[in-house]
Amino acid sequence: MTYVEDELSSQPECWIRAAQEAAVHAAALPAAGERVAIVGCGTSFFMAQAAAVLREQSGQGETDAFAASEFPEGRSYDRVVALTRSGTTTEVLELLGRLRGQTRTTAVTADPHTPVMEYADGVVVLDFADERSVVQTRFATTALTLLRAHLGLHSDAVVADARTALATPLPEELVGCAQFTFLGRGWTVGLANEAGLKMREASLAWTEAYPAMEYRHGPISITTHGTATWMLGEAPEGLAEQVRRTGGLWVDGGLDPLAELVRAQRLAVAVAAARGLDPDQPRHLTRSVILGD
């Protein structure tokens, strides 16, 4: 078993613990009414996208998400939350350094022995969700679970769906598809982006991701026999039938969208295995991007 297989299989237990710790770390997390930005790089950026929509839709306050390298200078926030598994990513540390003394910051990380501990005003350490694989799975979903629980949006049903996602076989024809498109709506657009990234990282697959309503505005043109379109969350009316008419495979996301992401992680590993690739060692990637001087 690869590291990533072992790590993605442990997600239900990680989510349970993260939900329990949300109350412990409440003071370090955004308070209702604060104007907040959530930042990250790669997978963490996509989790930031999901968390930002969830927070704003729940009425907790205006919330934006940015890649750490694209944070808008001069924009005012009450708090900036940085998601960083490694605690060493250059763009995150540089941003936190620039914000020091001006904007309250919180870092959510997996490693307490890294520079981010000194760069942020508050830190939440999810070391039980740390990973050996370069490809992120459980840290990302555990960090998002922490934030969902902080917003009062986590439930035991989410964990049950994750266990179902791990136990239920993937559709047999899915692994052999030549192209994969992931779709989301609202907060699940970030999850769709992350599902696509997992496929590209682990299996070098041709993968795209879109807001579901935007899929009709051009991207559906690539859908045909041998391609798959996977919906994370509730699909727009008529979209499944439209995809099926193209000859493409429609995958309906009937579980909680975060659990659907677990299924997509499993698909990435399965496609990698079918192609003779090691998902623990993705091409041209390292655990953390640290830029030289």
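One structure accompanies this document, and this report is about it. Here, residues in each chain are numbered from 1, in the same order as that chain's written sequence. A pLDDT threshold of at least 70 governs which residues receive local features in this predicted model, and a stricter bar of 80 or more applies before side-chain atom pairs are shown or counted, although totals over entire chains, interfaces and linings include all residues. Each side-chain value is worked out from all heavy atoms of the structure, with water and hydrogens disregarded.

## Description of the overall build of the protein
Turning to step 1, where the next piece is worked out: Within the protein one finds 10 helices and 9 strands.
Turning to step 2, where the next piece is worked out: For 293 residues, the compact-globule estimate of 2.2 N^0.38 gives 19 Å, and the C-alpha radius of gyration of the protein, at 18 Å, lies within 12% of that figure.
Turning to step 3, where the next piece is worked out: Taken along the three principal axes of its C-alpha coordinates, the protein extends 55 × 40 × 40 Å.
Turning to step 4, where the next piece is worked out: Here the protein holds 293 residues, and the buried ones make up 58% of them.
Turning to step 5, where the next piece is worked out: Once local pairs closer than 6 in sequence are excluded, the contacts in the protein between residues at least 24 apart make up 71%.
Turning to step 6, where the next piece is worked out: What sets the accessible areas is the Shrake-Rupley method with a 1.4 Å probe; for residues, cover comes only from the shown protein chains. Surface exposure of the protein reaches about 12200 Å², of which carbon and sulfur atoms provide 50%.
Turning to step 7, where the next piece is worked out: Positive and negative charge centroids in the protein, built from 24 and 37 side chains respectively, lie 1 Å apart. Strands are runs of DSSP state E lasting at least 2 residues, helices are runs of H or I lasting at least 4, and numbering of each runs from the N terminus. The globule rule used here is 2.2 Å times the number of residues to the 0.38 power, and the radius of gyration it is set against is calculated over C-alpha atoms. Think of it in three bands: with a 1.4 Å probe and only protein chains considered, a residue is buried below 20% of the maximum accessible area for its type, exposed above 50%, and partly exposed in between. Residues count as neighbours in contact if any of their non-hydrogen atoms are within 4.5 Å of one another. Only four residue types enter the charge count, namely Lys and Arg as positive and Asp and Glu as negative; His and the chain termini do not. Note that the charge is assigned to NZ on lysines, CZ on arginines, CG on aspartates and CD on glutamates.

## Looking at the nonpolar core
Turning to step 1, where the next piece is worked out: In these notes, a set of buried Ala, Val, Leu, Ile, Met, Phe, Trp, Tyr and Cys residues joined through side-chain atoms within 4.5 Å is what counts as a nonpolar core. Within the largest apolar cluster, 59 residues are counted, with the highest numbers of intra-cluster contacts made by Val108, Leu144, Phe180, Phe182, Leu191 and Leu267.
Turning to step 2, where the next piece is worked out: Here the element with the most residues in this core is helix α10 (residues 257–274); it accounts for 8 residues.
Turning to step 3, where the next piece is worked out: With sequence-adjacent residues up to four places away left out, leucine 191 is seen in contact with Met47, Ala50, Leu144, Leu232, Pro257, Leu258 and Leu261.
Turning to step 4, where the next piece is worked out: Counting 16 residues, the second-largest nonpolar core is a separate cluster that includes Phe66, Phe71, Leu95 and Leu96.

## Some points on the sheet that holds strand β4 (residues 104–109)
Turning to step 1, where the next piece is worked out: The 5 strands are arranged β2-β1-β3-β4-β5 in an open sheet whose pairing can be described as parallel. Each edge of the sheet is formed by a strand with only one pairing partner; in this case those strands are β2 (63–67) and β5 (122–125). Taken over all neighbouring pairs, the strand axes of this sheet differ in orientation by 20 degrees on average, direction set aside.
Turning to step 2, where the next piece is worked out: Inspection of the sheet shows strand β1 (residues 36–40) paired to strand β3 (residues 79–84) by 4 bridges, in the parallel sense. What sits directly across from isoleucine 38, in β3, is valine 81.
Turning to step 3, where the next piece is worked out: Where helix α4 (residues 90–99) meets the sheet, its contacts fall on β1, β3 and β4, and the angle it forms with β3 comes to roughly 160 degrees.
Turning to step 4, where the next piece is worked out: Across the face of the sheet, helix α6 (residues 138–150) comes into contact with β3, β4 and β5 while running at roughly 135 degrees to β4. Strands qualify as paired when DSSP identifies two bridges or more between them. Axis definition: a line fitted to C-alpha atoms, over the contacting stretch in the case of helices. Angles run 0 to 180 degrees between N-to-C directions.

## Let's talk about the pairing of β3
Turning to step 1, where the next piece is worked out: Of all 6 residues that make up β3, 6 are buried, and the element is covered over most of its length.
Turning to step 2, where the next piece is worked out: Each parallel crossover has a hand, and the one from β3 via α4 to β4 is right-handed. We call a crossover right-handed when, viewed with both strands directed away from the observer, the connection leading from the first strand over the helix to the second proceeds clockwise.

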